[in-house]
Amino acid sequence: MVRPLRIFFRLQLVQLRSAMEYRADFWIAAVGAILQQLVSIVFLVTFFGHVSSLGGWSLWQILVLQGLVMTADGIREMFADGVWKLRADVNDGSFDRVLVRPISPALQQFAALASIHGIGNSSLGLVVMVLGLAHSGVVWTWWTVPVLVLTMLCGTVLTASISFLTNMIAFWEPSAQSAFPTLVALMRDFAKFPLDVYGAGIRIVVTVILPYGLISYYPSRLILGVGDSPGWWATTPLIAAAGSAAAAALVWRRGLNRYQGVGN
Amino acid sequence: MTSLDTEAALRGRTSPGSKYVSLARTTLQQAIAYRITTFFNVGLTFIWVIILYYLWRAAYAGRASIAGLSWDQMRTYVVIAYGINALVGWRTGTAMMATIRTGDVVFGMVRPLNYCTTQLARALGFTVVEGGISMVFTLVIGLLFLHIQAPASVGSALLFVLALIIGFLTKMLVVFLVSLLTFWTLNGMGLMWSQQAIMQILSGTIVPLALMPGWLQVVAKVLPLRGIVSTPLEFYLGTASGWAGLGLLGLQAAWLVALWLISNLAWKRAFRIVEIQGG
Amino acid sequence: MSPIVSAEGLVKRFRRPQKGPGLAGAVRHLLRPRHETVTAVDGVDLSIEPGESVAYVGPNGAGKSTTIKLLTGILVPSAGTVQVCGVRPHLDRQANARNISVVFGQRTQLWWDIPVIESFRLLGDIYAVPGPEYRRAVDELVDVLDLGPLLGVPARQLSLGQRMRCDLGAALVHAPQVLFLDEPTIGLDVAVKARLREFVGRMRVQRGLTVLLTSHDLGDIEELCPRMIMIDKGHIVYDGPFDEVTRRFGWEQKVVVTLAEGASGAAAPARRALARISLAIEETPTGLVVTFDSRLISSGEVIKELAVALPVVDLALEETSAESIVRRLYEGQLSFQVTGDVEAER
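Since the model is a prediction, treat every value here as computed from it, not as a measurement.

1. Details of the overall build of chain C
Then, in step 1: Along its length, chain C carries 12 helices and 15 strands.
Then, in step 2: Here chain C holds 346 residues, and 40% of them are scored as buried.

In structure tokens, the structure reads:
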């Protein structure tokens, strides 16, 4: 178990070094990614210039939501962005190489790209989250920080699993462009705001189907003390991570079988 | 679009005008082939329409107006703002950038022609499809689901259309200017992200200019980006009339001319620099 | 000695969707998908002993790359068994991966932006090569392939020939037992090809490396592979020494005859003269092409008969080297019956 992980990180390091070879591109990508995140923040700050609460949440409390989602996705970008290359690899035969090496194909695919501007996104996310926490009058207990850390890590697993899963469409429709995985990935923006404001339909989607809400809204309500929040909500990130990882593993197996022509 | 397609498109044409038309037609065919991708690409920008709808709905619970806009007006603003912004979308931008990598032949053939106009003509093919799909989304979501308002008056509607056209051309030129930067960096994605983000803020897409904090409002009002979304919407909603309206229109038009001049200066400069460097 | 690579009754079928053109076709396919089944490999038996060097030859679409993918564990067989180094590739893919190595001529396995030596180190890690063995392997490979000046260079800055040498080195860092070479010399110049062939030959001799080579370059085959397996339309049609190919299939020979000017209607007398021995006589603008079975009559006799019957100005005997046979196989000019005999396509 340790060896594959060590190799995984070495592969990531290689990608990082490759990316830094192209210095201008690296910085432009980093700046571009951060600007995209900033749009949401600019909106929030402007919005709260005219409104004092959104669905019972203050600006600072919502910043915690934003920070959690941004950090989770930023870390994913650092370590598991290679899944966005799956379609190209399947189409040009590079995926064969993955099957001919004695380590997990999934790990190899994760490491196929290192979008190192993920560091920018996750750093910004942390800053935003910490700022939000500092101004929200949080009652700090022994479980506050562990739950936060757990939420962020599970958030990474969730976003990674979902993007992995959606990119596997390449096994069944090799010619499909990456529009569908991109669309699903962007749905995480719903979870940057309190789910109270949405209609029932969206709330269900973001809680059960694409459970981004489980790694932002529910644990945040617990930590920030917004409304009555049952204690078990501290485990919602685990549920989201476990469920999505299981789904991704299942479909990955089937995708591999399809690629290898099992059952023909 | 390969340089060979471009050659074929340009060969045997007489006037520059018809050359531009045939360039546009070639990319239009390509764009139609990619309509499903475009559908998704435009669709995903409308995710934020849904988010903003709910957020503003919560904000307007218990109040009739924010910064002079009613709930009806705000709702209308959000839908149409995104619709306008999506008229010139992702593909248009990347198409302009792609030619710089592959279009050496085009350079050679196009020198008697205007590179800026050529890029606009090529991008037009994608813009037609992106714009068309965007309009469909706007109308379906706006009219069927979110019940947006009609323009404030006939006069408003006409001014809206006029401002829309000027704004549309403005955006094309801004995207063109950004695309010139691909001479110096391979990472078109980073440029597109930056351009999209800044555009969303300063054009008034994410939030009407009137709501912005003072200093940001000043910056936004001075720049040409407001002419893309904010100005047309002010006419649509009827919030700018009389002399104020005329002033807006004038500013928009002045910026368009300025951008046209800057663009032409910029690309000629860029070509010369690249030639010297042997890029 | 038991074979290191063996396959029995290996079959691989593919289901290809049949889609009509345009939007209508796409919709129809969504509602009622139709598939056709293509059998790429149809009952292939293979047996390769350790240390052998075998060429795997056949026209495009014959099942060549599919067989290689079955042997390397990329594809799973529809039927039949396959074993490499005692492991079933598709059941134990990672175990199989440790024993083999694949060089794809068109695609490098080196990481693009980092120095070659870093790629080697990564591979040493991926294949869990113990430190001392890794160092020994790399030292030897660097020496034999002359990689010294290339080690610090990122792969993207290498020429094709240099990259190929590095790829070969990379493939052998973990000392595999079986090496698959898929079109390794494509695009390389003669000097580089010679070096690579020499290297592979030496690895065979010194390390008992088993080599399976697919190549369009007959020079590769001739120099490296004493044994050749020919596959056509999913079946093995020849499995034996390279030299024997000539004997097996080279019996059809052609003589190109140039006749004196103004000699028209030469075909008729020629046919009469050669009726009992020729297979075909074709008229050309300058004369004739006579095809005959060299098992039944020698080329000398044919030439003698022709010279006697016709105003012959020049004669040329078309080559029947193994190369020409294989080339004609690639061009689809030969077809094979199940017995392994060959008939020429007219």
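2. Some thoughts on the overall build of chain A
Then, in step 1: Within chain A, the secondary structure is distributed over 13 helices and 0 strands.
Then, in step 2: When the helices and strands of chain A are listed from N to C terminus, the series reads α-α-α-α-α-α-α-α-α-α-α-α-α.
Then, in step 3: The globule rule puts the C-alpha radius of gyration for 264 residues at 18 Å, and the 19 Å found for chain A is close to it.
Then, in step 4: When the backbone C-alpha atoms are referred to their principal axes, chain A occupies close to 60 × 45 × 35 Å.
Then, in step 5: Out of the 264 residues belonging to chain A, those deemed buried represent 49%.
Then, in step 6: Nonlocal contacts in chain A, meaning residues at least 24 apart in sequence, comprise 79% of its contacts between residues at least 6 apart.

3. A word on helix H4 (residues 47–59) of chain B
Then, in step 1: Look at H4(B): 19 Å from first C-alpha to last across 13 residues, which is about the 18 Å you get at 1.5 Å a residue.
Then, in step 2: Among the 13 residues of H4(B), 11 are classified as buried, and the element is accordingly described as predominantly covered.
Then, in step 3: Among all positions in H4(B), only Trp48(B), Val49(B), Ile50(B), Ile51(B), Leu52(B), Tyr53(B), Tyr54(B), Leu55(B), Trp56(B), Ala58(B) and Ala59(B) are buried.
Then, in step 4: Among the structural elements, helix H2 (23–47) of chain A together with helix H3 (35–45), strand E1 (65–66), helix H5 (71–85) and helix H8 (115–145) of chain B are those in contact with the buried residues of H4(B).

4. Considerations on the sheet that holds strand E2 (residues 34–48) of chain C
All names here are of chain C.
Then, in step 1: Across the sheet, which stays open at both edges, the 3 strands sit in the order E2-E1-E4 with antiparallel pairing between neighbours. Of all the strands in the sheet, just E2 and strand E4 (79–84) have a single pairing partner and so form its edges. Within the sheet, the average angular offset between the axes of one strand and its neighbour, ignoring direction, is 30°.
Then, in step 2: When strand E1 (residues 5–18) meets E4, the two strands line up antiparallel, connected through 5 bridges. When the bridges of E4 are listed, Ser6 appears paired with Gln83.
Then, in step 3: On top of the sheet, helix H2 (residues 64–72) reaches E1, E2 and E4; it is set at about 70° to E2, its chief contact.

5. What about the interface of chain B and chain A?
Then, in step 1: In this assembly, 32 residues from chain B lie in contact with 33 residues from chain A.
Then, in step 2: Secondary-structure elements contributing two or more residues to the side of chain B that touches chain A are H3, H4 and helix H10 (188–202) of chain B.
Then, in step 3: In terms of residues, the side of chain B that touches chain A owes the most to one element, H10(B), which gives 9 residues.

6. A closer look at the nonpolar core
Then, in step 1: Grouped together as the largest cluster of nonpolar side chains are 227 residues, with contacts concentrated most on Leu55(B), Val78(B), Ala55(C), Met228(C) and Ile229(C).
Then, in step 2: Apart from the residues lying within four places of it in its own chain, the contact partners of Ala55(C) are Leu213(C), Ser215(C), Ile221(C), Cys225(C), Met228(C) and Ile229(C).
Then, in step 3: Counting residues in each nonpolar core, the second largest holds 9 residues, with Val255(C), Val290(C), Phe292(C) and Val302(C) among its members.

7. Considerations on the domain arrangement of chain C
Then, in step 1: When its domains are assigned, chain C resolves into domain 1 (50–78 + 86–242) and domain 2 (251–319).
Then, in step 2: Centre-to-centre separation of domain 1 of chain C and domain 2 of chain C, based on C-alpha positions: 46 Å.

8. A look at the interface of chain C and chain A
Then, in step 1: Contact residues are listed per partner, giving 26 residues for chain C and 19 residues for chain A.
Then, in step 2: The set of elements that each furnish at least two residues to the side of chain C that touches chain A consists of E1, helix H3 (93–99) and helix H4 (116–126) of chain C.

9. Some thoughts on unusual backbone geometry
Then, in step 1: The phi angle at Ala67(B) is positive, at roughly 50°, despite the residue not being glycine.
Then, in step 2: Tracing the backbone through its elements, the reader meets Ala67(B) in the loop between E1 and strand E2 (69–70).
Then, in step 3: A count of 13 C-beta atoms within 10 Å places Ala67(B) in the partly exposed class.
Then, in step 4: If you check the backbone angles, Asp146(C) has positive phi at about 60° while not being a glycine.
Then, in step 5: Tracing the sequence through the fold places Asp146(C) in the loop between helix H5 (131–145) and helix H6 (160–172).

10. Section: the sheet that holds strand E3 (residues 53–57) of chain C
Residues and elements named next belong to chain C.
Then, in step 1: An order of E5-E6-E7-E3-E8-E9 is seen for the 6 strands of this open sheet, with the pairing classed as mixed. At either end of the open sheet lies a strand with only one pairing partner, and these are strand E5 (100–104) and strand E9 (235–241). With direction set aside, neighbouring strand axes in the sheet form an average angle of 15°.
Then, in step 2: Two elements, E3 and strand E8 (residues 227–232), share 4 bridges in a ladder whose sense is parallel. Each residue of the ladder has a partner; that of Ala55, found in E8, is Met228.
Then, in step 3: Sitting on the sheet, H2 is in contact with E3, E5, strand E6 (178–182), strand E7 (210–214) and E8, with an inclination near 150° to E6.
Then, in step 4: Each of E5 and E6 is contacted by H6, which is oriented at about 165° to E5, the strand it contacts most.

11. Focus on the environment of Thr26(B)
Then, in step 1: Along the chain, Thr26(B) turns up in helix H2 (residues 16–33).
Then, in step 2: Distance from Thr26(B) to Val174(B), taken between C-alpha atoms, is 23 Å for residues 148 residues apart in sequence.

12. Brief notes about the confidence of the model for chain C
Residue and element names in this part refer to chain C.
Then, in step 1: Predicted confidence across chain C gives a mean pLDDT of 83, with 85% of residues reaching 70 or more.
Then, in step 2: Long-range and interchain partners of residues 337–346, a stretch whose pLDDT sits below 50, account for 13 contacts in this model, where long-range means more than four residues apart.
Then, in step 3: Interface confidence for the predicted complex, expressed as ipTM, amounts to 0.91; the pTM equals 0.84.

13. Comments concerning the environment of Arg63(B)
Then, in step 1: In this structure, Arg63(B) sits in the loop between H4 and E1.
Then, in step 2: The spatial distance from the C-alpha of Arg63(B) to the C-alpha of Val49(B) is 21 Å, given a sequence separation of 14 residues.

14. Describing the packing of helix H8 (residues 144–167) of chain A against helix H10 (residues 179–186) of chain A
All names here are of chain A.
Then, in step 1: At their nearest, the axes of H8 and H10 sit 8 Å apart, and the two run at 155° to each other. Classified by the angle between their axes, H8 and H10 sit roughly antiparallel to one another. H8 and H10 meet at a crossing whose hand is right-handed. Facing Ile162, Ser163, Thr166 and Asn167 of H8, the residues of H10 in contact are Phe180, Pro181, Val184 and Ala185.

Rules behind the numbers
Residues numbered from 1 in each chain as written. Chains lettered and ligands numbered in written order. Predicted model: local features only at pLDDT ≥ 70, side-chain atom pairs only at ≥ 80, totals over all residues. Helix = DSSP H or I, 4+ residues; strand = E, 2+ residues; numbered from the N terminus. Buried ≥ 20, exposed ≤ 12 C-beta atoms within 10 Å, placed from the backbone. Rg over C-alpha atoms; globule rule 2.2 N^0.38 Å. Contact = placed C-beta atoms within 7 Å. Expected span 1.5 Å × (residues − 1). Pairing = 2+ DSSP bridges. Axes fitted to C-alpha atoms, helices over the stretch in contact; angles between N-to-C directions. Core = buried A, V, L, I, M, F, W, Y, C linked by C-beta atoms within 7 Å. Domains from an automatic or database assignment. pLDDT = per-residue confidence, 0-100. Parallel < 35°, antiparallel > 145°, perpendicular 65-115°, else oblique. Left-handed = near helix turned anticlockwise from the far one by under 90°.

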